Amino acid sequence: MSLDTGTTGVAQRLRDGMGKGVLSFPLTSFHEDGSLDLDGYRAYVAGRLATAPGAVFPACGTGEFFSLDEEEYRQVVTATVEAAAGRVPVVAGTGYGWAQAARFARIAEEAGADALLVLPHYLTAAPQDGLAAQLEQLAARTRLPLIAYQRGQVAYGLDAFRRIAALPGVIGLKDGHSDLDRLQRLTLTAPDGFLFFNGASTAEMQARAYATVGVPAYSSAVHAFAPEIAGAFFTALRAGEDTTVDKLLRDFYVPLVELRDRVPGYAVSLVKAAARLRGLPVGPVRAPLTDPSAADLAELTTLLTAGLDLVGAAL
């Protein structure tokens, strides 16, 4: 892997950040009518940044990238770059087919983003050659470093992974499959300095397992609404405080995952509902997602209150 100075610098900043805090994936704020609430988003993302995450990833899955038009995307990424002010790397989401991903990449580059997270392509399954070609086409059309994201219909075999890892602009891989056998093979195949991220849903649930195959960094959806819990878990995990880690998993994360798994889309809409419970200006989700039912919201309120109490915080 041959990286230019700028790309190497971004990779090093991400590596440094990964050791200091969770990776933050902010929600995108909408008004009740579904329009973008840019003022609300600015206030919200400033609050996330105040908790010193390792990096911030706007307009990704948790940020409902799939629901944003290009102008909304520009405003969200620009607002994030302005709020970060160079303190932490800003990695914007991009996706769909490579042609459309390149359009979003150009916008992110103009907005001042440091890198891109390449979300899985739209809808169809594809062979390994096609998965590699998707990254090759995008890398040829942007100066921003790329982090590939394998999840859903995207899962790289060794040959395809070697192809994308050899691209000068590709600096890392985010994994959402939780296939540790496959992931271990990729980490052992990767060139020196290549970054890996745990991108499983509610990644804290598998953080210890990922660390055993050399992938300690993870994204945290909980940070989007309860950075006190996310931070306490990160600190305990890094310090090897297994009793604290087990208690947080047993009494907060496991019941949260049980609730999350009840309804498709709750991986985002439940997170957004929890943020609203804390008075954060994020608004509702956009269709095709739906907000939680009244019964599930009541259960979420009880769970969130208990989780915050575990770390000495309040709703």
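A quick note: this is a predicted structure, and the numbers were derived from the prediction, not measured.

Draft legend 1. Representation of the overall build of the protein within the structure. Within the protein, the secondary structure is distributed over 12 helices and 8 strands. Against the compact-globule benchmark of 20 Å for 315 residues, the protein has a radius of gyration of 18 Å, which places it among compact chains. Taken along the three principal axes of its C-alpha coordinates, the protein extends 50 × 45 × 35 Å. Going through the 315 residues of the protein one by one, you find that 53% of them count as buried. Across the protein, every contact between residues at least 6 apart in sequence was considered, and the portion connecting residues at least 24 apart equals 73%. Carbon together with sulfur atoms contributes 53% to the accessible area of the protein, which is approximately 12600 Å² in total. On the protein, the mean spot of the 27 positive side-chain charges and the mean spot of the 34 negative ones are 3 Å from each other.

Draft legend 2. Quick look at helix α12 (residues 294-310). Between its first and last C-alpha, α12 extends 25 Å over 17 residues, near the 24 Å set by a 1.5 Å rise per residue. The set of residues buried in α12 consists of D296, L300, L303, L304, G307 and L308. Down the axis of α12, the buried side of the element spans an arc of 130 degrees, and every buried residue falls inside it. Those residues of α12 that are exposed and aimed more than 90 degrees away from the buried face are A294, A295, T302 and D309. The inward-facing, buried residues of α12 abut α9 (227-239), α10 (242-260) and α11 (266-277). Two residues or fewer past α12, G312 is found with a positive phi of approximately 75 degrees.

Draft legend 3. Region of the structure containing the pattern of salt bridges. Under the defined criterion, the tally for this structure stands at 22 salt bridges. Connected through salt bridges with shared partners, the residues E71, R74 and E110 form a single ionic network.

Draft legend 4. The layout of surface pockets, seen in detail. Of the voids in this model, the largest pocket is the one considered here, and its volume is about 990 Å³. Contributing to the lining of the largest pocket are 39 residues, with G61, T62, F66, R151 and V268 lying nearest its centre. For the lining of the largest pocket, the elements supplying multiple residues, two or more each, are β8 (219-220), α10 and α11. No other element matches α11, which puts 6 residues into the lining of the largest pocket. Among the residues making up the lining of the largest pocket, the classes are represented as 24 nonpolar, 12 polar and 3 charged.

Draft legend 5. Representation of the sheet that holds strand β2 (residues 55-56) within the structure. Ordered by their spatial adjacency, 3 strands build an open sheet running β2-β1-β8, and the pairing between neighbours is parallel. Here the strands that pair on one side only, and so sit at the sheet edges, are β2 and β8. Pairing of strand β1 (residues 23-24) with β2 involves 2 bridges; the strand directions are parallel. When the sheet's bridge partners are listed, S24 is paired in β2 with V56.

Draft legend 6. How the structure looks around the packing of aromatic side chains. Scanning all chains against the criterion turns up 14 aromatic pairs. Here F65 and F104 contribute two aromatic rings whose centre-to-centre distance is 4.9 Å and whose plane-to-plane angle is 65 degrees, an arrangement assigned as edge-to-face. A residue pair is termed long-range when its members are at least 10 positions apart, and F65 in the loop between β2 and α3 (70-84) and F104 in helix α4 (residues 98-111) qualify at 39 residues. Given a relative accessible area of 3%, F65 falls into the buried group. Connected via pairs of aromatic rings, a cluster forms that spans Y218, F233, F234, F252 and Y253. It is K174 that lies over the ring of Y149; its NZ or CZ is 4.5 Å from the centre.

Draft legend 7. Region of interest: α9. Over its 13 residues, α9 extends 18 Å from the first C-alpha to the last, a length consistent with the 18 Å expected when each residue adds 1.5 Å. All of the buried residues along α9 are P227, I229, A230, F233, F234, A236 and L237. G240 lies just past α9 and shows a positive phi near 70 degrees.

The rules behind each value
Residues numbered from 1 in each chain as written. Predicted model: local features only at pLDDT ≥ 70, side-chain atom pairs only at ≥ 80, totals over all residues. Heavy atoms only, no water. Helix = DSSP H or I, 4+ residues; strand = E, 2+ residues; numbered from the N terminus. Rg over C-alpha atoms; globule rule 2.2 N^0.38 Å. Buried < 20%, exposed > 50% of the residue type's maximum accessible area, 1.4 Å probe, protein only. Contact = heavy atoms within 4.5 Å. Areas by Shrake-Rupley, 256 points an atom, 1.4 Å probe, with all protein chains shown as cover. Lys, Arg positive; Asp, Glu negative; His and termini not counted. Charge placed at Lys NZ, Arg CZ, Asp CG, Glu CD. Expected span 1.5 Å × (residues − 1). Arc of directions from axis to C-beta. Salt bridge = Lys/Arg side-chain N within 4 Å of Asp/Glu carboxyl O. 1 Å grid on protein atoms, 1.4 Å probe; cavity = no way out; pocket = protein on both sides within 12 Å on 5 of 7 lines; lining within 4 Å. Points joined across faces, edges and corners; volume = space filled by probe spheres on them. Nonpolar A, V, L, I, M, F, W, Y, C, P; charged D, E, K, R; others polar. Pairing = 2+ DSSP bridges. Phe/Tyr/Trp six-rings, centres within 6.5 Å; stacked < 30°, edge-to-face > 60°. Lys NZ or Arg CZ within 6 Å of the ring centre and 35° of its normal.

So, to be careful, I would describe these as geometric facts and stop short of saying anything about function.
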